[in-house]
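Descriptive analysis of the structure
The residues making up each chain are set out below.
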Amino acid sequence: MSVVVSSLKWDADQAGAQKVVYDKDGYHLVRFPYEKNGESYDPWKMHDSANGGTKASAYPDERSGLIWPSHDGWGVVSAMVFWEADPRALEYRARFVRDPLNSTKDGYDSTATSDSTITRGGQFRTYLWQMFVHKGTPLGLKVSARGLSDARIKTAITLAEFKLAIHTDVATP
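Source: prediction; values computed, not measured. (Residues numbered from 1 in each chain as written. Predicted model: local features only at pLDDT ≥ 70, side-chain atom pairs only at ≥ 80, totals over all residues. Heavy atoms only, no water.)

1. Notes on the pattern of salt bridges
Rules: We define a salt bridge as a contact between a side-chain nitrogen of Lys or Arg and a carboxyl oxygen of Asp or Glu at a distance within 4 Å. A run of DSSP states H or I qualifies as a helix once it reaches four residues; a run of E qualifies as a strand once it reaches two. Both are numbered from the N-terminal end. Buried, partly exposed and exposed residues are distinguished by accessible area as a fraction of the type maximum, computed with a 1.4 Å probe on protein chains only: under 20%, between the cut-offs, and over 50%, respectively.
Using the criterion set out here, one finds 10 salt bridges in the structure. Across the salt bridge formed by D150 and R93, the nearest N and O atoms sit 2.9 Å from each other. With D150 in the loop between β8 (139-146) and β9 (152-153) and R93 in strand β5 (residues 91-98), the pair connects residues that are 57 residues apart, well separated along the chain. For R93, a relative accessible area of 17% gives the class buried. A salt bridge links D106 to K105, with the shortest nitrogen-to-oxygen separation between them at 3.3 Å. K105 sits in the exposed class, given a relative accessible area of 79%. Salt bridges sharing partners connect three or more residues here, namely E91, R93, R146 and D150.

Pasting the structure below:
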């Protein structure tokens, strides 16, 4: 069975601060640089600035938050997010979204939403989900920090990773 992989990494120390902008769904689409740096790996060009538009995307625009599956198959998506300490934030949320920009016929489809309360130390989270993925339907990682009365807090993230591994030879009975 073959597996194709895209692995993205964004680090504030290397790429500068990422402004947290909440979309109408109450989440921020995490953006990733296009250039290969450090641990980023994308030989199948699933995170290519040419994907999804008539002109090239430029980090940190919305499209820089997308992975475009190169194959149909069983996808394993994973992420890691570090947030700055923020006493206003009481809860941290993340979700994987098919077509987070609502740019295809399939439309926005959130899956695997996870939330957690604050810990006494740093706010470091990992996430994992499995689902069928399809060429032509992009995936995104969306995050949110919430305060009292579910207020959206623009807590800065300091590190994020977003990975997709597609098992391309799924057996059927």
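Back to the write-up after that little detour.
2. Quick look at the packing of aromatic side chains
Spelled out, the test is: Each Phe, Tyr or Trp ring (for Trp, its six-membered ring) is paired with any other whose centre lies within 6.5 Å, and the angle between the two planes then decides the class: stacked below 30 degrees, edge-to-face above 60, tilted in between. Cation placement over rings: the criterion is NZ of Lys or CZ of Arg within 6 Å of the ring centroid and within 35° of the ring normal.
All chains considered together, the criterion is met by five aromatic pairs. Aromatic pair F96 and F162: ring centres 6.1 Å apart, planes at 20 degrees, arrangement stacked. In this pair, F96 sits in strand β5 while F162 sits in strand β10 (residues 157-167), placing the two residues 66 residues apart along the sequence. The buried category is assigned to F96, whose relative accessible area is 3%. Judged by its relative accessible area of 1%, F162 is buried. Ring-pair connections join several aromatic residues into one group, and the members of that group are F32, F96 and F162. The ring centre of Y27 lies 5.7 Å from the NZ or CZ of R146, which sits over that ring.

3. Some points on the pairing of β5
Operational definition: Strand pairing is assigned whenever DSSP identifies at least 2 bridges connecting the two strands.
β5 sits mainly inside the fold: seven of its eight residues count as buried. Alignment of β5 against strand β6 (residues 109-117), held across seven bridges, turns out to be antiparallel. Within β6, the position partnered with V97 by the bridge is S110. Sheet topology places β5 next to β8; eight bridges connect them, and they run antiparallel. By the bridge assignment for β8, F96 is matched with L141.

4. Quick word on the side chain of Q123
We count it as follows: In protein, a polar contact requires one atom able to donate a hydrogen and another able to accept it; more generally it is a pair of N or O atoms within 3.5 Å, and residues adjacent in sequence count only if both atoms are side-chain atoms. It only takes one pair of heavy atoms within 4.5 Å for two residues to be counted as in contact.
The residue Q123 is located in strand β7 (residues 123-133) in this model. Among the polar contacts listed, one links the side chain of Q123 to the side chain of R125, at a separation of 3.0 Å. Residues within four places of Q123 in sequence aside, it is in contact with V81, F82, W83, Y92, T117 and I118.

5. Side note on unusual backbone geometry
Generally, phi is negative for residues other than glycine and the peptide bonds are trans, each holding for most cases. Looking along the chain, the bond that leaves Y59 and enters P60 is cis, with omega of 10 degrees. Structurally, the position occupied by P60 is in the loop between β2 (28-29) and β3 (66-67). Non-glycine residue A112 carries a positive phi angle of around 60 degrees. Relative to the elements of secondary structure, A112 occurs in strand β6.

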